[in-house]
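If you want the building blocks of each chain, they are given just below.
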Amino acid sequence: MNQILLNKTANNSTTVRFHQNIPYISYRALERIPWIRHGFSTRIGGVSNGHFSSMNLGLGRDDFKENVIRNHEIIAAAVGFCPENIVTGKQTHTTNIRVVTRKDVGKGLYRDRDYDNIDGLITNEREVVLTTYFADCVPLYIVDTKNKAIGLSHSGWRGTVGKMGKVTIEKMMEEYGTNPADVIACIGPSICKNCYEISEDVAVAFMKEFQGREDEILVNKGNGKYLLDLWECNAIIFRECGVSEENIHLPDICTCCNPDILFSHRASHGKRGNLAAFLEIK
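In this convention, every chain numbers its residues from 1, walking through the sequence in written order. Residues qualify for local features only when their pLDDT is at least 70, as the model is predicted, and side-chain atom pairs are given and counted only at 80 or more; totals for whole chains, interfaces and linings, by contrast, use all residues. Side-chain metrics in this entry use all non-hydrogen atoms of the structure; hydrogen atoms and water are not considered.

## Focus: the pairing of strand E8 (residues 138–144)
To keep it simple, the criterion reads: Classification of residues uses two cut-offs on accessible area relative to the type maximum, computed with a 1.4 Å probe and protein chains only: under 20% is buried, over 50% is exposed, and between them is partly exposed. Only runs of H or I of at least four residues qualify as helices and only runs of E of at least two qualify as strands under DSSP, and these elements are numbered from the N terminus. Whether two strands pair depends on DSSP finding at least two bridges between them.
When you tally the buried positions in E8, you get 7 out of 7 residues, the bulk of the element. Going residue by residue along E8, you find Val 138, Leu 140, Ile 142 and Asp 144 tucked away on one face and Pro 139, Tyr 141 and Val 143 tucked away on the opposite face as well. Hairpin connection, E8 to strand E9 (residues 149–155): the antiparallel pair is bridged by 4 residues, and Lys 148 has positive phi, about 55 degrees. The pairing of E8 with strand E10 (residues 183–187) spans 5 bridges and is antiparallel.

Laid out in structure tokens, this is it:
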């Protein structure tokens, strides 16, 4: 199997790569950076069963730990990194960022974390595989092409209304001297605006934080229900940070539109595993 059929939009920002029949999603813009290794998993090619079938990468979802570890090893071999170099956050829908180094490798997978409430990771060290987990929320890949620093963040609606992309870039500015003009930002596979219905209280929070841009991100369906465009929200955040338009890459894949290939919390009503995003300096 060297082909999977994804329901994609027309912007063609991603491609599907295969290694020994294991697929992963790759961003064309990041492939052009020779010192970066990255990928986004699918639910295909792992060893998990049932509604975790088969590439579940989420610990803490009642899958067998040995299956989850093995799945990490399989996807690591496909993307081309060492699984022992993975560092994970502890995602709780915050905008907290942690600076990680070689001393942190293995944490969250092979070693216990000595931190909590972390939804974003940054580093400028080689062979540190930043890893975040998803099943509709938005991955944010951030690469400082001048200073060779990277960030990878998890941004659900709470992270997006809290402007996680901005928080991550500001932390990279503080730690590495990052200039947003040198940043490549990729918004990863996640739920699209046509699939993401929200309640009025969530819509009001976005109206407050994105004043004057409401028509770009929200569609009022009536009866207190709205459709929210998380992709455009995060693009707006990056633009406001100073990332140039040509360096912001939106996804062309919705997790909810592709439930047979990608895990989606919304499509599965919560019966699902986790996908993962990976970003490493070679």
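So, next bit.
## Things to note about the layout of surface pockets
Definition in use: With a 1 Å grid spanning the protein atoms alone, the term cavity applies to any set of points in which a 1.4 Å probe fits but cannot get out, the term pocket to an open set with protein on both sides within 12 Å along at least five of seven lines, and the term lining residue to any residue with an atom within 4 Å of a point. Grid points are joined across faces, edges and corners, and a volume is the space filled by probe spheres set on the points. Under the scheme applied here, ten amino acids are nonpolar (Ala, Val, Leu, Ile, Met, Phe, Trp, Tyr, Cys and Pro), four are charged (Asp, Glu, Lys and Arg), and all others, including Gly, are polar.
Size it by volume and the largest pocket reaches roughly 840 Å³. As for the largest pocket, its lining consists of 35 residues, of which Gln 91, Tyr 133, His 154, Arg 272 and Asn 274 are closest to the centre. Its residues assigned to classes, the lining of the largest pocket shows 14 nonpolar, 11 polar and 10 charged.

## A word on the side chain of Arg 43
Keep this limit in mind: The charged-residue count follows a simple rule in which Lys and Arg add positive charge and Asp and Glu add negative charge, with His and chain termini not counted at all. Each salt bridge in this description consists of a side-chain nitrogen of Lys or Arg and a carboxyl oxygen of Asp or Glu lying within 4 Å of one another. Polar contact criterion, stated in full: a pair of N or O atoms within 3.5 Å, where within protein one must be able to donate a hydrogen and the other to accept it, and residues adjacent in sequence count only if both atoms are side-chain atoms. Here, residues are in contact when the closest pair of their heavy atoms is within 4.5 Å.
Within the element layout of this structure, Arg 43 appears in the loop between strand E3 (36–41) and helix H2 (65–79). Buried charge Arg 43 goes without a salt bridge, the closest partner of opposite sign being Asp 260 at 5.8 Å. There is a polar contact of 2.9 Å between the side chain of Arg 43 and the backbone oxygen of Pro 259. When residues no more than four places from it in sequence are discounted, the contact partners of Arg 43 are His 51, Ser 53, Ser 54, Met 55, Pro 259, Asp 260, Ile 261, Leu 262, Phe 263 and Leu 275.

## Overview of unusual backbone geometry
The amide bond that connects Ser 53 to the next residue, Ser 54, takes the cis arrangement and shows omega of -10 degrees. In this fold, Ser 54 is placed in the loop between E3 and H2.

## With respect to helix H4 (residues 164–176)
We count it as follows: In a helix, the anticipated span is given by 1.5 Å times the number of residues less one. Each C-beta atom gives one direction from the helix axis, and the arc is the one those directions make.
Between its first and last C-alpha, H4 extends 18 Å over 13 residues, near the 18 Å set by a 1.5 Å rise per residue. Regarding H4, the residues found buried are Met 164, Gly 165, Thr 168, Ile 169, Met 172 and Tyr 176. Seen from one end, H4 has its buried residues packed into an arc of 130 degrees, which puts them on one side. Phi for Gly 177, located one or two positions after H4, is positive at around 70 degrees.

## Some remarks on the environment of Lys 163
Within the fold, Lys 163 resides in the loop between helix H3 (157–161) and H4. Look at Lys 163 and you get buried, because its relative accessible area is 15%. Once residues lying within four places of it in the same chain are set aside, the contact partners of Lys 163 are Glu 209, Phe 210, Ile 237 and Glu 240. From its side chain, Lys 163 meets the backbone oxygen of Glu 209 in a polar contact 3.3 Å long.

## Structural notes on the nonpolar core
Where we set the bar: Put simply, a nonpolar core is a bunch of buried Ala, Val, Leu, Ile, Met, Phe, Trp, Tyr and Cys residues held in one set by side-chain atoms that sit within 4.5 Å of each other.
Ranked by size, the top nonpolar core spans 38 residues in total, and within it Ile 187, Ile 198, Phe 206, Ile 217, Leu 228 and Phe 238 carry the most contacts. Elements with a minimum of two residues in this core: E8, H4, E10, helix H5 (200–209), strand E13 (225–228) and helix H7 (230–241). The dominant element in this core, judged by the number of residues it contributes, is H7, at 8 residues. Within the second largest apolar cluster, 34 residues are counted, among which are Trp 35, Val 87, Tyr 115 and Ile 118.

## Remarks on the sheet that holds E10
Within a beta sheet, neighbouring strands are joined by backbone hydrogen bonds and run either parallel or antiparallel to one another. Defined as follows: Helix axes are fitted to C-alpha atoms over the stretch in contact, other axes to C-alpha atoms as well, and angles between N-to-C directions run from 0 to 180 degrees.
Read across the open sheet, the 6 strands follow the order E5-E6-E9-E8-E10-E14; overall the sheet is mixed. A strand with exactly one partner marks an edge of an open sheet, and here the two such strands are strand E5 (97–99) and strand E14 (248–249). Contacts from H4 reach E5, strand E6 (120–123), E8, E9 and E10, with the element oriented near 155 degrees to E9.

Bear in mind that shape data such as this cannot, by itself, settle questions of function.
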